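# Reading the structure
Given next are the chains, with one letter for each unit.
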Amino acid sequence: MSKTSVLRTALTGSAITRFMGAHSALSAKLAEEAGFEAVWASGLEISAARALPDANILSMAECLEAAAEIAAAVDIPVLADCDSGFGGVGNVAHMVRSYESRGLAGVCIEDKQFPKMNSFVEGNQDLAPVGDFAAKITAAKEARTDEDFVVVARIEAFIAGAGLDEALRRAAVYETAGADALLIHSKRGTPEEVYSFRAVYQGKLPVIVVPTTYPQVTSGELGEHGFGGVIYANQGLRASITAMRSVLAQIGGDGSTYGVEDSIATLKEVFALQNVDELLTRQQRHDELTTAYSALA
Ligand code: SPV
Ligand code: MG
């Protein structure tokens, strides 16, 4: 099955699909190794890995390159966070063609203005007009060549303080516009907003959530509430910051790396993640073939 159909089937299946956020090929491989069904090529993570704000500072080409590297490194499908679509409908069409041709299984665009600001940063969280954003969803669907390529419409009504009715109004229009799934976002410390949405939303689309600010909720509970997907958007990146800070501080303090050796990955683990064995096998085959062909000359 193609990665696009794997993602589409997973989102519409009975079990909740768990996405792990990634910012690099390496972090995506760790997500796959840990058993997640899919990867989220997170705009926050990709920007933060470059020490830049998650506010459309990176161009589409830079985001695409990062997402394509992630997709190439794993066998599980990757959903790309494409912010508000990098511009108008022309940008969205180009974006979908580019992401699809580079091996992404789907894209998610959010109904905010360009340039967007990360949903947890105090700043402009103004919503795009509903019709304008719905037209982008249709443009995305019309631009794809693989019928299974997934287009997720992300609703930021709760983030913008616009409330449940606005979220529901938008959900209905985005569904009509052709969205394959909805993402309802919230920055509350409890899941009450997303639960209220899920309880009242009457449409047919799978609904995805990002429980960054309500981490106490399990994927099982979200599944029981009828959600189709859960995105752990940034925990891998945050773990790496904490781990690196602590190890670097210890090395600085100790004056040697001896004290951290047991708490960091071995080089053997690094080589495994780099597929070094595959390279060595290929080189050995090259040597055998070279010998065989040389004998023919
Ligand atoms: C991301 O991971 O970039 C997201 C999720 O879009 S959030 O940071 O919650 O906006
Ligand atoms: Mg994002």
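A quick note: this is a predicted structure, and the numbers were derived from the prediction, not measured.

Along its length, the protein chain carries 12 helices and eight strands. Relative to the compact-globule value of 19 Å for 297 residues, the protein chain shows a C-alpha radius of gyration of 21 Å, a close match. Taking the principal axes of the C-alpha coordinates as reference, the protein chain spans close to 70 × 55 × 35 Å. Here the analysis covers contacts within the protein chain between residues at least 6 apart in sequence; of these, 71% occur between residues at least 24 apart. Surface summary for the protein chain: the accessible area is close to 14,300 Å², and the carbon and sulfur share equals 57%.

Here the focus is the pattern of salt bridges. Across all of its chains, the model carries 19 salt bridges by this definition. Residue Glu156 pairs with Lys112 through a salt bridge whose shortest N-O separation is 2.6 Å. Of the two residues, Glu156 is situated in the loop between β5 (150–155) and α7 (163–176) and Lys112 in the loop between β4 (106–110) and α6 (130–143); the sequence distance between them amounts to 44 residues. Just as Glu156 is buried, Lys112 falls in that class too. By sharing partners, the salt bridges in this structure join Asp54, Asp83, Glu110, Lys112, Lys116, Arg154 and Glu156 into a single network.

Taken together, Trp40, Ser42, Gly43, Leu44, Asp54, Asp81, Asn118, Ser119, Phe120, Arg154, His185 and Ala233 make up the full set of residues adjacent to ligand 1. Backbone polar atom of Gly43 to an oxygen atom of ligand 1: 3.2 Å apart, as the coordinates give it. Here an oxygen atom of ligand 1 sits 2.7 Å away from a polar atom, N or O, in the main chain of Leu44. Contact with the protein chains covers 100% of the free accessible surface of ligand 1, which is 280 Å². Under a 2 Å grid-point criterion requiring more than half of the atoms, the pocket assigned to ligand 1 is the largest cavity. Residue composition of the shell around ligand 1, grouped by class: four nonpolar, five polar and three charged.

Our next topic: the packing of aromatic side chains. Counting across every chain of the model gives four aromatic pairs. Plain terms: the ring middles of Phe36 and Tyr232 are 6.1 Å apart, the flat faces sit at 65 degrees to each other, and that makes the pair edge-to-face. Taken together, the positions of Phe36 in the loop between α2 (25–33) and β2 (38–41) and Tyr232 in strand β8 (residues 229–232) put the pair 196 residues apart, joining distant regions of the chain. Since its relative accessible area comes to 17%, Tyr232 is described here as buried. Between Phe133 and Tyr174, the ring centres sit 4.9 Å apart and the planes meet at 65 degrees, which makes this aromatic pair edge-to-face. Of the two residues, Phe133 is situated in helix α6 and Tyr174 in helix α7; the sequence distance between them amounts to 41 residues. Of the two residues, Phe133 and Tyr174, neither departs from the other in class, the shared state being buried.

For the rest of this paragraph, the subject is the pairing of β2. Of the two faces of β2, the one holding Ala38 and Trp40 and the one holding Val39 and Ala41 are both buried throughout. As defined by bridge partners, strand β1 (residues 17–22) adjoins β2 across four bridges and the pair is classed as parallel. For Phe19, the partnering residue across the bridge sits in β2 and is Ala38. Relative to strand β3 (residues 78–81), β2 is paired through three bridges, and the arrangement is parallel. Residue pairing in the sheet places Val39 in a bridge with Val78 of β3.

Before going further, it helps to examine empty space enclosed by the protein. Scanning all chains against the criterion turns up two cavities of 30 Å³ or more. Reported here for the largest cavity is a volume of approximately 150 Å³. Space inside the second largest cavity adds up to approximately 40 Å³. Every residue lining the second largest cavity is listed: Ala41, Gly43, Ile46, Cys63, Ala67, Ala80, Asp81 and Tyr99. Elements represented by at least two residues in the lining of the second largest cavity include exactly α3 (43–48), α4 (60–73) and β3. For the lining of the second largest cavity, a count of residues per class yields six nonpolar, one polar and one charged.

Reading guide: rules and limits
- Residues numbered from 1 in each chain as written.
- Chains lettered and ligands numbered in written order.
- Predicted model: local features only at pLDDT ≥ 70, side-chain atom pairs only at ≥ 80, totals over all residues.
- Heavy atoms only, no water.
- Helix = DSSP H or I, 4+ residues; strand = E, 2+ residues; numbered from the N terminus.
- Rg over C-alpha atoms; globule rule 2.2 N^0.38 Å.
- Contact = heavy atoms within 4.5 Å.
- Areas by Shrake-Rupley, 256 points an atom, 1.4 Å probe, with all protein chains shown as cover.
- Salt bridge = Lys/Arg side-chain N within 4 Å of Asp/Glu carboxyl O.
- Buried < 20%, exposed > 50% of the residue type's maximum accessible area, 1.4 Å probe, protein only.
- Near = heavy atom within 4 Å.
- Polar contact = N/O pair within 3.5 Å; in protein donor to acceptor, adjacent residues only side chain to side chain.
- 1 Å grid on protein atoms, 1.4 Å probe; cavity = no way out; pocket = protein on both sides within 12 Å on 5 of 7 lines; lining within 4 Å.
- Sits in = over half its atoms within 2 Å of the grid points.
- Nonpolar A, V, L, I, M, F, W, Y, C, P; charged D, E, K, R; others polar.
- Phe/Tyr/Trp six-rings, centres within 6.5 Å; stacked < 30°, edge-to-face > 60°.
- Pairing = 2+ DSSP bridges.
- Points joined across faces, edges and corners; volume = space filled by probe spheres on them.

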